[in-house]
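Here is what each chain is made of, one letter per residue.
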Amino acid sequence: MKTDDYQQALFDKEWFASSPCLEIGNDVLPDNIAYYIEGDEYIASRLKIVVNFNNKTTGEVTLNLFAEIAAELFSKALGKKISEELHTQIISEGPFNTTVDNKNVEMLKEVWPTGLGHTLEIIININTSAATS
Amino acid sequence: MSEGHVFGYEELLDYSFAPSAVTKAVSRMVSKKKIERLSNGKFYVPRKGVLGPLKPSDEELIRSVLYNRQDVKASIEAVKTIAAREKTPAVIPPDHGWSPHRAGSF
């Protein structure tokens with residue numbers, strides 16, 4: 001997934017870029033996946049993909065696509081193939097937090113209070129203690 | 001926001017409360033073509049023309065420039081800086097992170 005321009009948030013030191021939402025299905029409120037990068041002016045230190053599940057009918061397709069995008073991000077950001085174990089955890093939507101080559105890889109799940117859907121986030125960020133040592 | 005009006009973040013009511021969220025929301029609206037980016041930090045709602053969307057009128061463009069000429073100059077400099085940086089992205093040590101230019105295309 002490709003982001004728009006990397007830019008500074010006004011009145012904030014953080015720089016960021018986000019991709020257009022990739023929408024899955026033709027529902028009024030479709031499932032969607034987006035990619036974000038965050039950091040400072042010169043270095044992106046946090047990569048994130050977020051999926052919003054809005055429809056049960058497209059949920060399985062969306063989850064498989066999300067896992068595929070996660071594997072691609074993992075490969076490009078960390079320079080290695082995603083492990084079978086992590087792939088399984090993504091497919092099972094299980095939250096996890098692990099370290100790969102001094103980078104934190106975390107998956108969060110938030111079930112919406114409305115009960116009408118949920119969000120998954122995979123975040124790869126720099127282990128700050130390693131970066132400053 | 002009326003069609004053809006050029007505006008900046010500061011004109012959006014929620015901006016003073018949640019600048020980061022508003023900036024991201026505006027960026028998303030640009031992606032969805034609901035608004036267009038005129039320059040760094042300046043946007044407009046396209047006017048509907050017979051042959052498609054229209055840019056703001058000359059009067060509106062002049063108004064926005066006269067209103068904040070310094071912003072325009074700063075924007076041009078910022079674009080030049082970013083263009084130069086993207087032409088030769090810095091090599092980032094793996095433990096420190098990723099080049100934003102490269103990470104944007106992961």
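These notes cover the structure that comes with them. Keep in mind it's a predicted model, so treat the numbers as computed, not measured.

### Observations concerning the interface of chain B and chain A
Working step 1: Facing the 20 residues of chain B at the interface are 27 residues of chain A.
Working step 2: Counting only elements with at least two residues in the side of chain B that touches chain A, the list comes to α1 (19-31) and α4 (100-103) of chain B.
Working step 3: In terms of residue count, α1(B) provides more of the side of chain B that touches chain A than any other element does, seven residues in total.
Working step 4: The class makeup of the residues in the side of chain B that touches chain A is eight nonpolar, nine polar and three charged.

### Some details on helix α1 (residues 59-78) of chain A
Residue and element names in this part refer to chain A.
Working step 1: For α1, spanning 20 residues, the distance from its first C-alpha to its last is 27 Å, which sits close to the expected 28 Å at 1.5 Å a residue.
Working step 2: T62, F66, A67, A70, L73, F74 and A77 are the residues of α1 that are buried. Buried residues along α1 cover an arc of 135° about the axis, so they all sit on one side. Exposed residues on α1 whose side chains face more than 90 degrees from its buried face are E60, N64 and E68.
Working step 3: Here the buried face of α1 lies against β3 (22-24), β4 (31-39), β5 (44-53), α2 (84-91) and β8 (118-126).

### Overview of the pairing of β4(A)
It is a general feature of regular strands that their side chains alternate between the two faces of the sheet.
Residues and elements named next belong to chain A.
Working step 1: Of the strand pairs in this sheet, strand β2 (residues 15-18) and β4 are connected by four bridges, and their pairing is antiparallel. Its bridge partner lying in β4, S18 is registered against Y36.
Working step 2: For β3 and β4, the ladder comprises three bridges, and the chain directions are antiparallel. The residue of β4 that forms the bridge with I24 is D31.
Working step 3: Summarising the sheet, β4 and β5 pair through eight bridges and their orientation is antiparallel.

### Considering the nonpolar core
A general feature of soluble globular proteins is that nonpolar side chains tend to end up buried together.
Working step 1: Grouped together as the largest cluster of nonpolar side chains are 25 residues, with contacts concentrated most on A:I37, A:L47, A:A70, A:L73 and A:A77.
Working step 2: Put simply, the parts of the chain that give this core at least two residues each are β2, β4, β5, α1 and β8 of chain A.
Working step 3: Residue contributions to this core peak at six residues, all from α1(A).
Working step 4: Apart from the residues lying within four places of it in its own chain, the contact partners of A:A77 are A:L47, A:I124, B:W98 and B:F106.
Working step 5: Counting five residues, the second-largest nonpolar core is a separate cluster that includes B:V6, B:L38, B:F43 and B:Y44.

Parameters at a glance
- Residues numbered from 1 in each chain as written.
- Chains lettered and ligands numbered in written order.
- Predicted model: local features only at pLDDT ≥ 70, side-chain atom pairs only at ≥ 80, totals over all residues.
- Contact = placed C-beta atoms within 7 Å.
- Helix = DSSP H or I, 4+ residues; strand = E, 2+ residues; numbered from the N terminus.
- Nonpolar A, V, L, I, M, F, W, Y, C, P; charged D, E, K, R; others polar.
- Expected span 1.5 Å × (residues − 1).
- Buried ≥ 20, exposed ≤ 12 C-beta atoms within 10 Å, placed from the backbone.
- Arc of directions from axis to C-beta.
- Pairing = 2+ DSSP bridges.
- Core = buried A, V, L, I, M, F, W, Y, C linked by C-beta atoms within 7 Å.

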